[in-house]
Amino acid sequence: MDKGNTDSRFEADSTAKSSPVASMHSFWGLIRAYWVSDRWREAWALTLAILLLTAAASKTSVWMAVASGELLNSIVNIHDPLVLDPLAGILSSAGFLVLLVLIKEVGFVGLRHLLSTTLHRKWRGWLNGRFNDALLDTNHTHFHLQQGNSTIPGSPAAMPDNIDQRIHESIKGMTGGAIGLAMGIAGVATSVVFIGQSLLQLSTEISGFEFLGRYGSATFAFVAIAVYVPVSTWIAARIGRILEKLTLKLQQTEGSYRGELTIFLRRSFQVAASRGEGVQRSVNGELYGDIDKVWSQLNKYDAGYMSFTAVYNFFAARIVAYLPGLLPYMSNTISLKNYITGAELVGSMINDCSWFIQVMPAIANLKANAGRVTELAGAINLVQKPSELYQTNGVSEFRYGTQHEFFGLTIRNLELMHRETTAQPFLSLTNMRFRQGDWVYLKGESGSGKSCVLKAINGLWPHGRGDITFPEGVTTLYAAQDIKLPSVSLKQLISLPMNETEFPDTAIATALYRAGMGDLIEHLHAERIDGTTWDQMLSGGQKQKLVLTRILLHAPGILFLDEATSALDPHSKIAFHQAIKDHCPAATVISVMHDQDPPKSLDGFNFYSFILDIRNGRAELETLSAPAIAFGHPTGTIIAAE
């Protein structure tokens with residue numbers, strides 16, 4: 001046996017390749033990944049443009065505060081005899097203020113919004129691609145994430161729930177929230193710089209506080225902001241932590257409810273046939289009850305937070321903003337114009353610095369979403385070596401390798417177990433070897449472990465031990481009973497897992513004809529027929545004939561049939577086997593069926609050369625006939641059926 005040349009399906013388990021999301025299991029790792037990726041130029045160009053527009057908007061806010069003071073001052077002085085044309089002054093001030101508003105809101109803020117949403121789209125798309133690459137790798141990460149799930153909370157093997165929700169909703173919410181938070185922080189920083197500079201320029205001495213010099217009024221303004229904003233932010237943060245927990249809990253309950261609905265709709269026929277609507281209604285009602293309970297709590301805190309921010313905003317705009325300049329104005333050391341301008345500047349700075357208070361629920365949502373995404377990234381990293389994952393809650397000591405093709409498929413000391421670490425084998429197989437042209441029929445009662453054997457050979461059974469050695473260069477294909485077809489063209493469905501461009505239409509058409517589905521040849525490039533996908537249109541038997549088409553096209557060296565003919569009538573089962581025998585004569589076939597005896601050809605000859613009879617946790621091999629053909633030299637790459 002060549003231990004060094006490991007089968008590619010198990011390469012990830014032995015070498016623990018770094019996943020595309022390896023650096024995203026922490027909050028900051030997730031946040032910075034895009035900016036240090038191969039798309040860094042795109043990320044930084046958009047970021048810098050957004051920062052420049054944010055700074056420009058903050059500077060314009062200062063000019064708007066000055067313009068507001070000018071406008072109010074021109075209104076107050078409308079009866080001043082020294083003002084020759086008060087209406088012109090008012091219109092001029094108002095026009096300049098309107099121009100500034102348009103420049104800020106339409107030019108700077110509007111363009112910034114376009115760039116920020118573009119950044120959101122690009123960042124989300126990149127993250128979505130990374131997680132899809134991580135889930136759909138040769139390590140079958142998506143499979144192990146679900147197989148490795150432990151029922152023990154906090155267990156190293158505890159896998160994330162609702163993976164679809166995390167990929168779709170949480171990434172979208174996290175990226176949008178992070179960009180909004182970053183823009184808010186940038187706005188606060190530029191506001192402090194520009195508005196603070198203007199307050200210092202307008203500052204004047206205050207009677208009784210001469211020791212502060214000409215910076216007396218500015219000091220009062222900064223003290224008011226420094227006291228009012230942090231105290232209120234602390235209160236908001238306390239409420240925000242509760243909102244974060246409730247938001248996370250709501251996401252979990254909604255994900256469970258949506259997942260149950262998805263499963264129910266996929267098994268709608270079974271529910272209708274068994275008249276199980278009452279039970280399903282009860283399950284749905286219980287899951288939605290969890291949503292309603294958490295939602296009720298979240299609404300109460302949302303309402304309280306809304307009231308808090310309303311009161312905070314009123315005091316900020318009507319009282320705190322006007323207090324710092326009141327003493328110098330009463331002492332007649334500043335004009336009404338400067339008093340109003342200063343109040344506008346203080347109010348603007350409070351508003352900008354209060355951004356954290358205004359968006360605290362959004363920050364709570366951001367943290368909840370980020371937590372969901374980083375948990376998924378951490379779980380993906382954990383399952384890069386599946387055997388180590390499964391060893392946390394059971395025995396997982398399978399060893400896979402390759403050997404010269406002459407020796408065929410070898411199984412040594414295979415023991416299959418369940419999850420518990422102290423579990424005893426429920427099925428044991430001693431040394432077995434299957435060579436080219438061997439057809440092996442696995443026979444046994446339901447629950448005896450027939451399908452488990454096929455899964456273990458293919459690295460898809462988590463717990464147990466044993467050595468499985470494949471012949472070098474031989475292609476394999478696993479045909480399962482339950483078939484879910486993706487929404488792609490018929491040609492792509494038959495070509496899977498290869499791309500449809502790998503095969504000419506004539507090869508696909510020939511395989512369809514040989515599988516008894518020649519009437520579909522004219523629809524090779526169609527994804528839908530009359531708006532219906534192939535998964536919805538084809539019956540169970542037709543789907544299994546579609547898999548037969550795939551088998552005939554790929555002509556695998558080793559073929560695993562796991563109830564692959566369960567939806568076919570007896571005549572079609574014989575035709576299924578005969579097509580494989582005629583067109584894939586070199587294949588080693590290992591099959592699981594529920595029939596007491598394996599099918600025979602119309603002429604009464606055995607398709608299968610061996611019966612592997614599984615009883616009471618043991619397997620006995622019975623010979624039916626000699627191998628069908630002499631040994632040849634198959635070559636190829638590993639493939640797998642849908």
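Residues numbered from 1 in each chain as written. Predicted model: local features only at pLDDT ≥ 70, side-chain atom pairs only at ≥ 80, totals over all residues. Heavy atoms only, no water.

Now for the overall build of the protein. Tallying secondary structure elements over the protein gives 20 helices and 13 strands in all. Taken over C-alpha atoms, the radius of gyration comes to 35 Å for the protein, far larger than the 26 Å a tight globule of 642 residues would show. The principal-axis extents of the C-alpha atoms in the protein amount to approximately 120 × 55 × 55 Å. Burial analysis of the protein (642 residues in total) assigns 45% to the buried set. When contacts within the protein are restricted to residue pairs at least 6 apart in sequence, those whose partners lie at least 24 apart make up 76%. Summed over all atoms, the accessible surface of the protein reaches about 31,500 Å², with 58% contributed by carbon and sulfur. The centroid of the 53 positive side-chain charges in the protein is displaced by 3 Å from the centroid of its 57 negative side-chain charges. (Helix = DSSP H or I, 4+ residues; strand = E, 2+ residues; numbered from the N terminus. Rg over C-alpha atoms; globule rule 2.2 N^0.38 Å. Buried < 20%, exposed > 50% of the residue type's maximum accessible area, 1.4 Å probe, protein only. Contact = heavy atoms within 4.5 Å. Areas by Shrake-Rupley, 256 points an atom, 1.4 Å probe, with all protein chains shown as cover. Lys, Arg positive; Asp, Glu negative; His and termini not counted. Charge placed at Lys NZ, Arg CZ, Asp CG, Glu CD.)

Moving on, we get to the packing of helix 4 (residues 86-135) against helix 6 (residues 163-202). Where helix 4 meets helix 6, the closest approach of the two axes is 9 Å, and the angle between their N-to-C directions is 145°. Helix 6 is crossed by helix 4, and the crossing has right-handed handedness. For the pair formed by helix 4 and helix 6, the contact residues are Arg 112, Ser 116, Leu 119, His 120, Trp 123, Arg 124, Leu 127, Asn 128, Phe 131, Asn 132 and Leu 135 on the first element and Ile 163, Ile 167, His 168, Ile 171, Lys 172, Met 174, Thr 175, Gly 176, Ala 178, Ile 179 and Met 183 on the second. (Axes fitted to C-alpha atoms, helices over the stretch in contact; angles between N-to-C directions. Left-handed = near helix turned anticlockwise from the far one by under 90°.)

With 42 residues, the main nonpolar core has Leu 490, Trp 534, Leu 546, Ile 551, Leu 561, Phe 576 and Ile 580 as its most contacted residues. At the level of secondary structure, the elements contributing two or more residues to this core comprise strand 5 (439-444), strand 7 (476-479), helix 16 (490-495), helix 17 (505-514), helix 19 (540-554), strand 10 (558-562) and helix 20 (570-583). Here this core gets six residues from one element, more than from any other, and that element is helix 19. Once residues lying within four places of it in the same chain are set aside, the contact partners of Phe 576 are Gln 544, Leu 548, Ile 551, Leu 561, Ala 564, Thr 565 and Leu 568. (Core = buried A, V, L, I, M, F, W, Y, C linked by side-chain atoms within 4.5 Å.)

With that settled, the discussion passes to the pairing of strand 13 (residues 618-623). For strand 12 (residues 610-615) and strand 13, the ladder comprises six bridges, and the chain directions are antiparallel. Its bridge partner being in strand 13, Ile 614 is matched across the sheet by Ala 619. (Pairing = 2+ DSSP bridges.)

This brings us to empty space enclosed by the protein. The final tally for this structure, using the stated rule, is three cavities of 30 Å³ or more. Of the voids in this model, the largest cavity is the one considered here, and its volume is about 160 Å³. Every residue lining the largest cavity is counted, 16 residues in all, and those nearest its centre are Leu 199, Ser 217, Gly 325, Asn 338 and Gly 342. Those elements giving two or more residues to the lining of the largest cavity turn out to be helix 6, helix 7 (216-266) and helix 11 (336-353). By residue number, the principal contributor to the lining of the largest cavity is helix 11, which donates five residues. Tallied by class, residues from the lining of the largest cavity come to eleven nonpolar, five polar and no charged. (1 Å grid on protein atoms, 1.4 Å probe; cavity = no way out; pocket = protein on both sides within 12 Å on 5 of 7 lines; lining within 4 Å. Points joined across faces, edges and corners; volume = space filled by probe spheres on them. Nonpolar A, V, L, I, M, F, W, Y, C, P; charged D, E, K, R; others polar.)

Quick look at the UniProt feature "transmembrane region" (unreviewed entry) in the protein now. Taking the numbering used here, the UniProt-annotated feature "transmembrane region" (unreviewed entry) corresponds to residues 43-66, 86-103, 176-195, 215-237 and 310-330. Helix makes up 100% of residues 176-195 and strand 0%. Its end C-alpha atoms lie 28 Å apart. Across residues 310-330, the secondary structure splits into 76% helix and 0% strand, with the terminal C-alpha atoms separated by 29 Å. (UniProt positions renumbered as here; feature names shortened; annotations may be inferred.)

A word on helix 11. Spanning 18 residues, helix 11 covers 25 Å between terminal C-alpha atoms, matching the ideal 26 Å at 1.5 Å per step. All buried positions along helix 11 are accounted for by Tyr 339, Ile 340, Thr 341, Gly 342, Ala 343, Leu 345, Val 346, Ser 348, Met 349, Ile 350 and Cys 353. (Expected span 1.5 Å × (residues − 1).)

Further remarks concern a nonpolar patch on the surface. There is a patch of nonpolar side chains on the surface, built from Val 311, Phe 314, Phe 315, Ile 319, Leu 323, Leu 326, Leu 327 and Met 330 and spanning about 720 Å² of accessible area. Those elements that place two or more of their residues in the nonpolar patch are helix 9 (277-320) and helix 10 (326-330). Position of Phe 314 relative to the elements: it lies in helix 9. For Phe 314, a relative accessible area of 48% corresponds to the partly exposed category. (Patch = residues over 30% accessible without salt bridge, like charges linked within 9 Å, V, L, I, M, F, W, Y side chains within 5 Å. Salt bridge = Lys/Arg side-chain N within 4 Å of Asp/Glu carboxyl O.)

Cis geometry is adopted by the peptide bond preceding Pro 497, which originates at Leu 496 and carries an omega value of 5°. With a phi close to 55°, Asp 530 is a non-glycine residue in the positive phi region. Tracing the sequence through the fold places Asp 530 in the loop between strand 8 (528-529) and strand 9 (532-533).

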